[in-house]
Amino acid sequence: METHSLRKYTFRKRERLRLRRDISLVFRYGKAIQSEDFVVLYKKNGLDYSRLAIIVKRKFGKANRRNKLRRWIRECFRLNKDSIPKGYDFIVIARKALSEKFEKSNYKVVCKALLGNFERLIDAESNTGTY
């Protein structure tokens, strides 16, 4: 019984946005929410779960910094599935401003910034909903 409740905190393979075709659709037809640290592109996917892709450019820094940020973003997505809307494909892109303050940052700061984008996304979608 306990393992069932922990299962919702996993990051499954199906929740990864991996195919070039799917990523291109988000870039072409998706909408964007921007903040100082992140750009979140999103598009409805017609599924009952959301999928995530993460883009961190080489300008962000060395591979260990880029990978650390990717791990933090995945972890934030995994632990906060309840507050992230379902049925969307998301592409999270790290911005230059985050790379400049990354060394002084920690997981909580980065996660809070990312969740702020998702909250704004929920507000934007609820305002443009069909009537």
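Residues numbered from 1 in each chain as written. Predicted model: local features only at pLDDT ≥ 70, side-chain atom pairs only at ≥ 80, totals over all residues. Heavy atoms only, no water.

- The protein chain has the name Ribonuclease P protein component in an unreviewed UniProt entry, where Fervidobacterium pennivorans is given as its organism.
- UniProt lists a comment for the protein chain under the heading Sequence similarities (unreviewed entry), and it reads "Belongs to the RnpA family." (UniProt positions renumbered as here; feature names shortened; annotations may be inferred.)

**Remarks on the nonpolar core**
- Residues Leu-52, Leu-69, Ile-73, Phe-90, Leu-114 and Phe-118 are the most contacted members of the largest nonpolar core, which totals 27 residues.
- Mapped by element, the contributors of at least two residues to this core are strand 2 (38-44), strand 3 (51-55), helix 3 (63-79), strand 4 (88-94) and helix 5 (107-127).
- At 6 residues, helix 5 tops the list of elements feeding residues into this core.
- Leu-114 has contacts with Phe-38, Val-40, Ile-73, Cys-76 and Val-92, leaving out every residue within four places of it along the chain. (Core = buried A, V, L, I, M, F, W, Y, C linked by side-chain atoms within 4.5 Å. Buried < 20%, exposed > 50% of the residue type's maximum accessible area, 1.4 Å probe, protein only. Helix = DSSP H or I, 4+ residues; strand = E, 2+ residues; numbered from the N terminus. Contact = heavy atoms within 4.5 Å.)

**Concerning the sheet that holds strand 2**
- The 4 strands lie next to each other as 1-2-4-3, forming an open sheet whose pairing is mixed. Sheet topology places strand 1 (31-34) and strand 3 at the edges, where each strand pairs with a single neighbour. Averaged over all adjacent pairs, the angle separating strand axes in this sheet is 20°, with direction ignored.
- Each of strand 1, strand 2, strand 3 and strand 4 is contacted by helix 2 (residues 20-29), which is oriented at about 105° to strand 2, the strand it contacts most.
- Sheet strands touched by helix 3: strand 2, strand 3 and strand 4. Its angle to strand 3, the strand with the most contacts, is close to 160°. (Pairing = 2+ DSSP bridges. Axes fitted to C-alpha atoms, helices over the stretch in contact; angles between N-to-C directions.)

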